[in-house]
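# Coordinate inspection notes
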Amino acid sequence: MSVYNSFFKDSSSLWTSILCSAFSVWTLVQGEVLVIGSNLPIIAAPGDDVILPCHLEPMFDVQGLTVEWSKPDLKPDPSDRLSRVEYVHLYRDRQEVPDMKMASYFRRTELFMDAMKHGNISLKILNVSEEDNGRYRCFIPKLRSRVKAAIVELVVDPNFAKTSTTEMPLHFQTPDPQDTTPANGRSRVSVVAVVITFMSVLVVAAFSACFSRCLHQKLNKLSEGKATQSQV
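All chains use their own residue numbering, which begins from 1 and follows the written sequence. Local features in a predicted model are, by the rule used here, given only for residues with pLDDT of at least 70; side-chain atom pairs are given and counted only at 80 or more, and totals for whole chains, interfaces and linings are based on all residues. As a convention, hydrogens and water are excluded, and side-chain values are obtained from all of the structure's heavy atoms.

### Quick word on the side chain of S70
Only runs of H or I of at least four residues qualify as helices and only runs of E of at least two qualify as strands under DSSP, and these elements are numbered from the N terminus. Along the chain, S70 falls in strand 5 (residues 67-70). Contacts are residue-level and defined by heavy atoms, with any inter-residue pair within 4.5 Å sufficient. When near neighbours in sequence (up to four residues on either side) are disregarded, S70 contacts Y87, V88, R135, Y136 and R137.

Written out as structure tokens, the structure is:
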């Protein structure tokens, strides 16, 4: 029993550290604003108007921040040192910046300005074509978060039935940050699961290390006691 008593005695400070660390991690995750995209590709027919969903969770006003939409798979020309990757859409100083926009997207993209105060940074692209296929990145460079960007994939398929409206179907639209939808619930459940897993691994590792140390100390004391009796 002395081994276990020693274990619990030595682990009291360790338990305090674990609880403090867990609380800090939980507070960080709960209070951090995350950029959320779409796990599913957005599929449309040529000529459709599409919405690439992207929003902040929890709700956060981004009207005063810079919002960048780009195609991350496009790289600058290595032979031209002055070349740059232009944006699909750039929002800065509370307005669009068309001068840094790709020519093929001129007058074809827009943000939902009124919804940006609720954290909605979804991008609407008009009259899509197969040249618009690919991955799109929504990015808020000055957002104080570990997750400042999200990826949304657009697939323009000629065999896909053309939609009759200018909006994407409901299940492709960005959920309202004020609305508690199943998608938001799933994301929160995922965050909670990650935190619980982290805490569990930390606790198990701490138990193993502390118990091993106490057991090692106990065995050393027994060995020293036997050695002393042998000398007597």
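### What to know about the sheet that holds strand 3 (residues 50-52)
Whether two strands pair comes down to DSSP finding at least two bridges between them. Read across the sheet, three strands follow the order 3-9-8 without closing on themselves; strand pairing throughout is antiparallel. The sheet terminates laterally at strand 3 and strand 8 (109-111), the two strands that pair on one side only. Ignoring strand direction, the axes of neighbouring strands in this sheet form an average angle of 25°. Bridge count between strand 8 and strand 9 (residues 123-125): three bridges; the pairing is antiparallel. To define axes, lines are fitted to C-alpha atoms, for helices over the stretch in contact only, and angles between the resulting N-to-C directions are given on a 0 to 180 degree scale.

### A closer look at the side chain of D132
Structurally, the position occupied by D132 is in the loop between strand 9 and strand 10 (134-139). Polar contact is the term for a pair of N or O atoms within 3.5 Å; when the atoms are in protein, one must be able to donate a hydrogen and the other to accept it, and sequence-neighboring residues count only if both atoms are side-chain atoms. Side chain to side chain, D132 and R108 meet in a polar contact 2.5 Å long. With near-sequence residues (within four places) excluded, D132 lies in contact with K71, Y105, R108, N127 and L154.

### Brief notes about the nonpolar core
The set of buried Ala, Val, Leu, Ile, Met, Phe, Trp, Tyr and Cys residues whose side-chain atoms join them within 4.5 Å is what this entry labels a nonpolar core. The buried label applies to any residue whose accessible area, calculated with a 1.4 Å probe on protein chains only, is under 20% of its type's maximum; exposed applies above 50%, and partly exposed to all values in between. Counting 30 residues, the largest nonpolar core has V35, L52, W69, I121 and I140 as its most contacted members. For V35, the residues in contact, after removing those within four places along its chain, are C54, H55, L56, I121, C138, I140, L143, V147, K148, A149 and A150.

### Quick notes on the sheet that holds strand 5
Spatial strand order, 2-11-10-5-6-7: six strands in an open sheet with mixed pairing. Every other strand in the sheet has two partners, leaving strand 2 (42-44) and strand 7 (95-96) as the edge strands with one partner each. Bridging between strand 5 and strand 6 (residues 89-92) involves three bridges; their strand directions are antiparallel. By the bridge assignment for strand 6, E68 is matched with L90.

### Remarks on the pairing of strand 11 (residues 149-156)
Burial along strand 11 is one-sided: the residues A150, V152, L154 and V156 are buried and none of A149, I151, E153 and V155 is. Pairing geometry for strand 2 and strand 11, over three bridges, is parallel. Bridge pairing in strand 11 places I43 opposite V155. Note: strand 10 against strand 11, six bridges, orientation antiparallel.

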